[in-house]
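Summary of structural features
Given next are the chains, with one letter for each unit.
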Amino acid sequence: MSKTTIGNAAKAAGVSIDTVRYYEHEGLLSRAQRTASGYRLYSEADVTRLRFIRQAKALGFTLEDIAELLRLQDGGGPRAKVRAKARERIEDLDRKIRELSAIRDALVALEAQCCGSGPVAGCPIIEGVQAVSLAMPTESSHERNTSSRTRR
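Structural notes, computed from the coordinates. (Residues numbered from 1 in each chain as written. Predicted model: local features only at pLDDT ≥ 70, side-chain atom pairs only at ≥ 80, totals over all residues. Heavy atoms only, no water.)

A word on the overall build of the protein
Quick reminder of the rule: Segments assigned H or I by DSSP are reported as helices when at least four residues long, segments assigned E as strands when at least two residues long, and all are numbered from the N terminus. Three exposure classes are used, based on accessible area relative to the maximum for each residue type with a 1.4 Å probe and protein chains only: buried under 20%, partly exposed in between, and exposed over 50%. For this analysis, residues touch if any pair of their heavy atoms sits within 4.5 Å.
Summing up its helical and strand segments, the protein has seven helices and three strands in all. Counting helices and strands in the order they occur from the N terminus, the protein gives β-α-α-β-β-α-α-α-α-α. Looking at the protein residue by residue over its 152 residues, the buried ones come to 22%. A fraction of 44% describes how many contacts in the protein between residues 6 or more apart in sequence connect residues 24 or more apart.

Remarks on the sheet that holds strand β3 (residues 40-42)
Stated precisely, the cut-off is as follows: Strands were regarded as paired on the criterion that DSSP finds at least two bridges between them.
Spatially, the three strands line up as an open sheet ordered β1-β3-β2, and their pairing is antiparallel. Each of the sheet's edge strands pairs with one partner strand only, and the pair in question is β1 (4-5) and β2 (33-34). By the bridge criterion, two bridges tie β2 to β3 in an arrangement that is antiparallel. Looking at β3, one finds that Q33 is bridged to L41.

Examining the packing of aromatic side chains
Applied cut-off: Each Phe, Tyr or Trp ring (for Trp, its six-membered ring) is paired with any other whose centre lies within 6.5 Å, and the angle between the two planes then decides the class: stacked below 30 degrees, edge-to-face above 60, tilted in between.
Counted under the stated rule, the structure contains one aromatic pair. With centroids separated by 6.2 Å and ring planes inclined at 55 degrees, the aromatic side chains of Y22 and Y23 adopt a geometry described as tilted. The class for Y22 is partly exposed, based on a relative accessible area of 40%. Among the residues examined, Y23 registers a relative accessible area of 5% and is labelled buried.

Here you go:
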């Protein structure tokens, strides 16, 4: 099997050289063989693995999830565990879609209340944004105290 340099492997997989090094450091990719002069060499299987990682990231899997999927793949794990990982990701996406839809609906309602002309004072969008809670995390009392000390 032929070997390729880190630059060619990165290009073939659609990632940066730094990303290849990072995945290697994190154990997602096995340590590369080295030439006598110290250049890293990667196999086609390594490039395939890099592509898998990139595509799994594009689907929103975390590196922790990807590491688990790779362990299952390497160890011949059960499909049920892979399917469960996919189900978790789908449920996360469904939750995010619901949240984004609620935000969009709130913004559409505010936009519909604004005529789009006149001074900003009394603008229903500005007033609505100030009045609406979009379930954003609130600052803890420690964060408020810390930020108020910084402002002084």
